[in-house]
Structures are given as C-alpha cells and as structure tokens.
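# Inside the fold
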Amino acid sequence: MNVQILDSKTAIGSAVCGLICDKIREKPDCVLGLATGATPVPTYDALAAAYAQGTVSFRNVRTFNLDEYCDLPKTHKNSFYTFMQAQLFSRVDMNPANIGFLDGNADPAAESARYTAAIEEAGGIDLQLLGIGRNGHIAFNEPADAFSQESFRVALTESTRIANAGYFDDVPMPRYAITMGVGLILRARQLIMIATGESKAAAVKAMLEGPVTPQCPASALQTHPDVLVFLDPAAASLLS
Ligand code: PGA
C-alpha cells in the first residue's frame, strides 16, 4: 500500500480530487465508487470547485455508492443518497441515470444481485473512494467472523450508531444498512482510502500494520495490488 501523510484535510481533498480528475480526463466514462461520511467532504468540495472552474466534467462518469441505510426513505435528509446529492451530484454535471445506489428498502438478496450485475455491466469500478470507521469498518462492513463478499443487509454496531446518531434529530437512527461487501469492494481496480483525525489512528494502525482479519475489515486492503492511503498527521500518529 502506498501511504501518504499530508498536512491537512484540505490538502488531502485537493490531492484526491486531482487523482479523480486525472482519471476522468483519461477515461471520461470512468466508473467511480463513492463514499459518504465527513471524511470525503473536502474531496467533494474540491471536485465541485474543479467543475465550476471548467477543468472537469462528470457528464459521462458513472458512480456507485458503497452503502445506504435500510428502512429510511431514499429522499430522507439523512439518507446517503441525499448526502451525495448535496455534497457532489447537484454541484456537478452528473447525469442522474449514471448514479448507482443500493436501495435500502428493497429485498436485500435481490438488491445485492442487481448491484453486482450493474457494476459488472458498467465494466467494474475503476477507482473506489473509502473511509474507515473507528472500529476498522469499511462501508458498513463491521468487524465480523468472515469477510463479506457481495452486498448484504447488516445490523449496525453500537459504535457506528453512536458515531452517526447525532445526524438523526427527527427519526430514530436506523438499525440496519445495506452495504457492498468487502469482496465486491476489493474488485475495484484502484482503491483510495482517506483517514483523518486522531479518532481513526488505532483503526489506521490495525489496517496497515495488523494482521489481515475480518475483525478489522479495512485490513483486507493489504491484499489489493493498487491502494493509495491518504492520512493526516493525527490519523497516522500511532504508526510505527
Ligand atoms: P466518517 O466515516 O468519514 O464520517 O468518519 C467514515 C466511515 O465510518 O467509514
């Protein structure tokens, strides 16, 4: 894994934006795997700025997001779909037909089969953005006894529910989500993992220096041939 430690979240956002823009220029109909959460926001801000400056177009880009809450309407203010609309899609020239999302209200097995087939039909994910949870999760793959493969419905752990509960002021925080599995995520040609802040330092150490174990789902990245990891000094602070 190629690990880069940059000064700030903004510097990481610019660097990752640069890599995504390069990918789009090289392959205008590239397939991006996208992540939600606070971590990628500086990247999405930089991409919106690049689009506003006319240096990149998303017209032919296709996207697939990692995960979505279950039992929450797609258009609820806290859905990941709404998050992506606000943070990126509405700020650039994305074609709505090119936006791929897991449906948290569909039958999970059928939805998983549909999503895997849609990704394959698009030619596979060229570049997948990832964040990491404090417990080492990627997407909503929580620590488990085995690495997941395709998409599946998952019960959120207490730690994840606490980390996200603050966003839910009108309805209770959902207890389940549907997420791409680790095996499906690892099929992307290139992975870009971003981790910022001290709260991620232990998970980052386990991801990079610990054993490959489903107890730290992010450790599976050690088995992928093309991973770029961007850290700020706080997230890197426990690395040896
Ligand atoms: P965060 O979430 O970016 O909001 O910290 C990352 C994650 O849990 O994957």
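Residues numbered from 1 in each chain as written. Predicted model: local features only at pLDDT ≥ 70, side-chain atom pairs only at ≥ 80, totals over all residues. Heavy atoms only, no water.

### Considering the packing of helix 1 (residues 9-26) against helix 2 (residues 41-52)
When two helices pack together, their arrangement is given by the angle between their axes and by how far apart the axes lie. For the pair helix 1 and helix 2, the least separation of the axes is 8 Å and the interaxial angle reads 55°. Classified by the angle between their axes, helix 1 and helix 2 sit oblique to one another. Judged by the twist between their axes, the crossing of helix 1 over helix 2 is right-handed. When helix 1 is examined against helix 2, the residues Lys 9, Gly 13, Ser 14, Val 16, Cys 17, Ile 20 and Cys 21 are found in contact with a partner set consisting of Pro 42, Thr 43, Ala 46, Leu 47 and Ala 50. A breakdown of the residues in the contact of helix 1 with helix 2 according to their chemical character gives eight nonpolar, three polar and one charged. (Axes fitted to C-alpha atoms, helices over the stretch in contact; angles between N-to-C directions. Helix = DSSP H or I, 4+ residues; strand = E, 2+ residues; numbered from the N terminus. Parallel < 35°, antiparallel > 145°, perpendicular 65-115°, else oblique. Left-handed = near helix turned anticlockwise from the far one by under 90°. Contact = heavy atoms within 4.5 Å. Nonpolar A, V, L, I, M, F, W, Y, C, P; charged D, E, K, R; others polar.)

### Things to note about the site of the ligand
Taken together, Gly 37, Ala 38, Thr 39, Gly 131, Ile 132, Gly 133, His 137 and Lys 200 make up all the residues around the ligand. Measuring from an oxygen atom of the ligand, one finds a side-chain N or O atom of Thr 39 at 2.5 Å. A distance of 2.7 Å is found between an oxygen atom of the ligand and a side-chain nitrogen or oxygen belonging to His 137. When the residues that make up the shell around the ligand are grouped by side-chain class, the tally is two nonpolar, five polar and one charged. (Near = heavy atom within 4 Å. Polar contact = N/O pair within 3.5 Å; in protein donor to acceptor, adjacent residues only side chain to side chain.)

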